[in-house]
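Structural overview for review
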Amino acid sequence: MEFEVLQKDLLGRIGRLKTKRGIVETPTLLPVINPNQIILTPEEIKKCGAEMLITNAYIIYKSRDLRKKAREKGVHELLETDMPVMTDSGSYQLSEYGDVEVSSEEIVRFQVEIKSDIIVPLDIPTPPDAEFQQAEMEMMISVERALEALKIAKGKDVAGVIQGSIYEELRERCASLLSQYPFSIYPIGAAVPLLEEYRFSEIVRIIMASKRALRFDAPVHLFGAGHPMFLSLAVAMGCDLFDSAAYALYARDNRYLTEYGTVYLEDLKYFPCSCPICSSYTPDELRKDEEKFKLLSMHNLYVTFEELRRVKQAIVEGSLSELIEQRVRAHPLLLNAYREFLKYSEFIEKFDSAVKSSFFYSGLESFRRPEVIFHEKKLKKMGIGGRVLITTCKDNIKKESYDYVMLVKIPFGVLPEELDESYPAGQSLAPENLYEEEKRLVLRKVLKFIKNSEGEFTFLYDPSWELEEINEIKKYAKVICSNELSDKKN
Ligand code: ZN
């Protein structure tokens, strides 16, 4: 299976996954289809935006009828679909019930027999709060089973599932071991319990630990994730595939998905969505409808694919950070996860696209974005020196007396006039009403720049910037308040 990256932003990308049954554009979500209980048919799921499905080979294997039919006709005919179908192995059942009545070898052979497009070995999804030793042992068993599956399913597409519980060291080691072999995709397993408890920042850590050890162009699947509120951030970390039964599980509990969280149907007076369901029903009508479960499942899928399209458009525009910064404000634990993600900015910057549309400042987090690091590197390369003016004032500057004129720019620090047109700092927008805390942070960046550069600096500021940090700058530069200049004129 080939994977081609077409466009990227942060670690997120739009890609083409070439399966034997056609090309799937990523990022995408594989809706989970339970062959025992079809809530939405594959055709209905396709209408909501799906390009690929996932079903559970273990459930099929356990039922004598389904097993026979799948063996004779293949999984696609069993589900009546022409979409590519990935099959899971029963790991989920293993995590739920502690045991399954099949070996990894058997279930892998079975997936080959039923012509699955992506085969998953029976990995062990270690729960988040397991001891390190248990997580390590189970991770090693998962790796052995993955390698065994590669041998059994020779020439077929096999997933190498990354395990290791919440231990970054184990996730990284597991990813590094698996990446030495030709797996077609690399799912990150056992994220569901963390997602259910909103432990988003731990998910950030395990994804980033795994990504560090994988090839950049290896397709990554975040198992069991599919809530629209987390998709933009997950894509930004380089996850290409998602799968989820959430659309149906949530619908069963009358839960309505939105891109900013989950709402109970009974609490809705108006629908904040224009999908075919929400434009045909009022919440009250939907509550009373016999097909409520099915219709709610459809809305849940529509809204998920709508968010994925929004994420893809953001990648095209180079505005994925801006989208994430809107999304993470929906819940403090998402914001927490975004702050965790920004700890990896140095790493992300290396892979990030250098040209994007514009940089919108949206709060303190923007100070730590990879684009800011990119700007700092650009500055360093310019080797600025000689007589340098740094100023918060745009007018009344006698530029001739200086080799360089630099503007103070939030959140970047200093912006040389030469870069005034170029991304990111030259194409950034921030509110003019800056808080004192924000000004202080920028002044500290100015100070750091002056300290680390060779040259003769003049710092010109307008009185609204009169803060303690100015005293510190005085030690390294000639400092003038714009008041003094106008006084002299008068
Ligand atoms: Zn809707």
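Data block above holds the structure.
Here is a short report on the structure shown in this document. Every chain is numbered independently, its residues counted from 1 as its sequence is written. Restriction of local features to residues with pLDDT of at least 70 applies here, the model being predicted, together with a cutoff of 80 or more for giving and counting side-chain atom pairs; totals for whole chains, interfaces and linings are based on all residues. The basis for every side-chain value is the complete set of non-hydrogen atoms in the structure, without hydrogens or water.

Our next topic: the overall build of the protein. The way it works is that DSSP assigns letters per residue, a run of H or I at least four long becomes a helix, a run of E at least two long becomes a strand, and they are numbered from the N terminus. When you go through the protein residue by residue, the secondary structure sums to 22 helices and 19 strands. Considered along the principal axes of its C-alpha atoms, the protein spans approximately 95 × 55 × 40 Å. Burial here depends on accessible area, computed with a 1.4 Å probe over protein chains only, as a share of the maximum for the residue type. Under 20% is buried, over 50% is exposed, and the range in between is partly exposed. Classification of the 490 residues of the protein by burial places 56% in the buried group. Taking as baseline every contact in the protein between residues at least 6 positions apart, the subset at least 24 positions apart corresponds to 66%. A total accessible area of about 22100 Å² is found for the protein, and carbon and sulfur atoms account for 47% of it. Computed over 66 positive and 78 negative side-chain charges, the separation of the two mean positions in the protein equals 2 Å. When checking whether two residues touch, look at their non-hydrogen atoms; a contact exists if any pair is within 4.5 Å. Throughout, the Shrake-Rupley method with a 1.4 Å probe supplies accessible areas, and for residues the shown protein chains are the sole cover considered. Residues counted as positive are Lys and Arg, residues counted as negative are Asp and Glu, and His and the chain ends are not counted. Charged side chains are reduced to one point each, which is NZ for Lys, CZ for Arg, CG for Asp and CD for Glu.

Only when DSSP finds a minimum of two bridges between them are two strands counted as paired. Ordered by their spatial adjacency, seven strands build an open sheet running E7-E6-E5-E4-E10-E9-E8, and the pairing between neighbours is parallel. Each of the sheet's edge strands pairs with one partner strand only, and the pair in question is strand E7 (118-119) and strand E8 (186-188).

This next bit is on the packing of helix H11 (residues 228-236) against helix H16 (residues 320-327). Interaxial distance between H11 and H16 falls to 9 Å at its minimum, and their mutual angle equals 145°. Classified by chirality, the crossing of H16 by H11 is left-handed. Where H11 approaches H16, its residues Met229, Ser232, Leu233 and Ala236 are matched on the opposing element by Leu320, Leu323, Ile324 and Arg327. Side-chain classes follow a simple rule in which Ala, Val, Leu, Ile, Met, Phe, Trp, Tyr, Cys and Pro form the nonpolar group, Asp, Glu, Lys and Arg form the charged group, and the remainder, Gly included, forms the polar group. Residues belonging to the contact of H11 with H16 are distributed by class as follows: six nonpolar, one polar and one charged. Convention adopted: a line fitted to C-alpha atoms gives each axis, helices being fitted over their contacting stretch, and angles between N-to-C directions are expressed from 0 to 180 degrees. Each crossing gets its handedness from the near helix: less than a right angle anticlockwise from the far helix is left-handed, clockwise is right-handed.

One broad trend across soluble globular proteins is that nonpolar side chains are buried collectively. By nonpolar core we mean a set of buried residues, namely Ala, Val, Leu, Ile, Met, Phe, Trp, Tyr and Cys, connected to one another through side-chain atoms within 4.5 Å. By size, the foremost hydrophobic cluster in this structure holds 106 residues, and its most contacted members are Leu222, Phe230, Leu233, Phe242, Leu320 and Phe341. Per-element tally for this core: the top contributor is helix H15 (residues 292-317), with ten residues. Filtering out sequence-adjacent residues up to four positions away, Phe341 remains in contact with Leu10, Val204, Leu233, Ala236, Met237 and Ile348. Of all hydrophobic cores here, the second largest spans 28 residues; its members include Phe457, Phe459, Ile473 and Cys481.

A few words on helix H7 (residues 132-152). Multiplying one less than the number of residues by 1.5 Å gives the expected span of a helix. If you check H7, its first and last C-alpha atoms are 30 Å apart, about what 21 residues at 1.5 Å a residue would give, namely 30 Å. On its buried face, H7 is in contact with helix H6 (104-113) and helix H8 (168-178).

So, on to empty space enclosed by the protein. Gaps between atoms show up when a probe of the same size as a water molecule is rolled over them. Two kinds of site are reported from a 1 Å grid over the protein atoms alone, namely cavities, where a 1.4 Å probe fits but cannot get out, and pockets, open sets with protein on both sides within 12 Å along at least five of seven lines, and residues are called lining when an atom falls within 4 Å of a point. Grid points are joined across faces, edges and corners, and a volume is the space filled by probe spheres set on the points. Applying the stated criterion across every chain, the model contains one cavity of 30 Å³ or more. The calculated volume of the largest cavity comes to roughly 30 Å³. In this structure, the largest cavity is lined by Leu29, Gly226, Ser244, Ala246, Tyr247, Leu257, Asn300, Leu301 and Thr304. Of all the secondary structure elements, the ones that give two or more residues to the lining of the largest cavity are helix H12 (246-252) and H15. Taken together, the residues of the lining of the largest cavity sort by class into five nonpolar, four polar and no charged.

Looking now at the coordination of the zinc ion. Within the protein, the atoms that donate to the zinc ion are Cys273 (SG), Cys275 (SG), Cys278 (SG) and His299 (ND1), at distances of 2.1 to 2.3 Å. Here the zinc ion is ringed by four donor atoms whose angles at the metal span 99 to 117°, and the overall shape comes out tetrahedral. Only nitrogen, oxygen and sulfur atoms qualify as donors, provided they sit within 2.8 Å of the metal or within 3.2 Å for Na, K and Ca; with water excluded from the atoms, sites may seem incomplete. Donor angles set the geometry label: tetrahedral for four donors if every angle is between 85 and 135 degrees, square planar for four and octahedral for six if opposite donors exceed 155 degrees and the others are between 65 and 115, irregular for anything else.

This part is about the environment of Met229. Considering the arrangement of structural elements, one finds Met229 in helix H11. Separated by 30 residues in the primary sequence, Met229 and Glu259 have C-alpha atoms spaced 4.5 Å apart.

Quantified by volume, the second largest pocket comes out at close to 960 Å³. Val372, Ile373, Glu376, Lys445 and Lys448 are the residues nearest the centre of the second largest pocket, which is lined by 27 residues in total. Breaking the lining of the second largest pocket down by element, the ones donating at least two residues are helix H17 (332-342), helix H18 (345-349), helix H19 (370-382), strand E16 (413-416) and helix H20 (436-451). Residue composition of the lining of the second largest pocket, by class: eleven nonpolar, five polar and eleven charged.

This next bit is on the sheet that holds strand E19 (residues 478-481). Within the open sheet, the five strands sit side by side as E16-E15-E14-E18-E19. Their pairing is mixed. At either end of the open sheet lies a strand with only one pairing partner, and these are E16 and E19. Taking the axes of each pair of neighbouring strands and ignoring which way they run, one obtains an average angle of 25° across the sheet. Against the sheet, H19 makes contact with strand E15 (404-409) and E16, and its axis sits at roughly 55° relative to E16, the strand it touches most. Contacts from H20 reach strand E14 (387-391), E15, E16 and strand E18 (456-461) within the one sheet, and its direction differs from that of E16 by about 65°.

Time to look at the pattern of salt bridges. Within this document, salt bridges are pairs made up of a side-chain nitrogen of Lys or Arg and a carboxyl oxygen of Asp or Glu, the two lying within 4 Å of each other. Taken as a whole and assessed by the stated rule, the structure comprises 44 salt bridges. The partner of Asp157 in a salt bridge is Lys20, with the nearest N and O atoms 3.5 Å apart. Pair noted here: Asp157 is in the loop between H7 and H8 and Lys20 is in the loop between strand E2 (12-19) and strand E3 (22-26), with a separation of 137 residues, a long-range link. The exposed category is assigned to Lys20, whose relative accessible area is 63%. Of the charged contacts, one joins Arg205 and Glu168 as a salt bridge, the two residues approaching to 3.7 Å between their closest N and O atoms. Linking Arg205 in helix H10 (residues 200-213) with Glu168 in helix H8, this pair joins segments that are 37 residues apart in sequence. Residues joined by salt bridges that share partners form a network here, namely Asp9, Glu322, Glu325, Asp352, Lys356, Arg369 and Glu371.

Each Phe, Tyr or Trp ring (for Trp, its six-membered ring) is paired with any other whose centre lies within 6.5 Å, and the angle between the two planes then decides the class: stacked below 30 degrees, edge-to-face above 60, tilted in between. In the structure shown here, the tally under the stated rule is 13 aromatic pairs. Measuring from centroid to centroid gives 5.0 Å for Tyr61 and Phe110, while their planes differ by 70°, and the two rings are edge-to-face. Highlighted residues: Tyr61 in helix H2 (residues 57-62) and Phe110 in helix H6, separated in sequence by 49 residues. Geometrically, the ring pair formed by Phe216 and Phe351 is stacked, given 5.3 Å between the ring centres and 5° between the ring planes. Taken together, the positions of Phe216 in the loop between H10 and strand E9 (220-222) and Phe351 in the loop between H18 and strand E13 (359-360) put the pair 135 residues apart, joining distant regions of the chain. A residue is classified by how much of its surface remains accessible, and Phe216, at 26% relative accessible area, is partly exposed. Cluster of aromatic residues (ring-pair linked, three or more members): Tyr198, Phe200 and Phe230. Between Arg255 and the ring centre of Tyr250, over which it is positioned, the NZ or CZ distance is 4.0 Å. Its guanidinium or amino end placed over the ring of Phe359, Arg369 lies 3.8 Å from that ring's centre, counting from NZ or CZ. Whether a charge sits over a ring comes down to the Lys NZ or Arg CZ being within 6 Å of the ring centre and within 35 degrees of the ring normal.

Without other data, these values stay purely geometric and don't point to any function.
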